[in-house]
Amino acid sequence: MAGEQKIIRQTADIQADFLKLGHHGSKTSTDESFLLAVNPRVAFISAGRNNRYHHPHQETLDKLQTYDIRSLNTAECGMINWYFNPFGLNWLNYYLK
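Residues numbered from 1 in each chain as written. Predicted model: local features only at pLDDT ≥ 70, side-chain atom pairs only at ≥ 80, totals over all residues. Heavy atoms only, no water.

Student: Whenever I open this one, the environment of S33 confuses me. Can you help?
Tutor: With respect to the helices and strands, the residue S33 is situated in helix α2 (residues 32-38). Considering only alpha carbons, one finds S33 and I8, 25 residues apart in sequence, at a separation of 8.6 Å. With sequence-adjacent residues up to four places away left out, S33 is seen in contact with Q5 and I8. Within the structure, S33 has its side chain in polar contact with the side chain of Q5 (distance 2.8 Å). (Helix = DSSP H or I, 4+ residues; strand = E, 2+ residues; numbered from the N terminus. Contact = heavy atoms within 4.5 Å. Polar contact = N/O pair within 3.5 Å; in protein donor to acceptor, adjacent residues only side chain to side chain.)

This is the structure in structure tokens:
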């Protein structure tokens with residue numbers, strides 16, 4: 001979270017449509033003030049299925065829900081494939097085996 005606070009302090013406008021959450025969606029992975037500053041539409045969480053740390057934590061998922069941020073989690077979706085084209089042809093797929 002210290003890194004996120006530094007980014008907020010050093011960047012006037014940090015808005016992004018997509019955000020990959022830090023540390024597998026743990027309780028301390030993404031600070032609430034950082035979420036508010038970035039204001040993403042979609043958050044990606046990279047976490048293994050049935051991992052022993054129970055990532056992502058419910059606290060983090062609740063934060064995303066509070067701010068109406070859709071989340072995609074590799075533990076539920078499998079591999080996430082996102083293609084961004086600045087000219088408007090974007091797509092997002094996910095695959096669960």
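Picking up after the structure, the text goes on.
Student: Sorry, what's going on with the pattern of salt bridges here?
Tutor: Side chains carrying opposite charge are able to pair once their charged atoms draw close together. Counting across every chain of the model gives 1 salt bridge. A salt bridge links R41 to D17; the shortest N-O distance between them is 3.8 Å. Linking R41 in the loop between α2 and β2 (42-45) with D17 in the loop between α1 (2-10) and β1 (18-20), this pair joins segments that are 24 residues apart in sequence. Using a relative accessible area of 36% as the deciding quantity, one classes D17 as partly exposed. (Salt bridge = Lys/Arg side-chain N within 4 Å of Asp/Glu carboxyl O. Buried < 20%, exposed > 50% of the residue type's maximum accessible area, 1.4 Å probe, protein only.)

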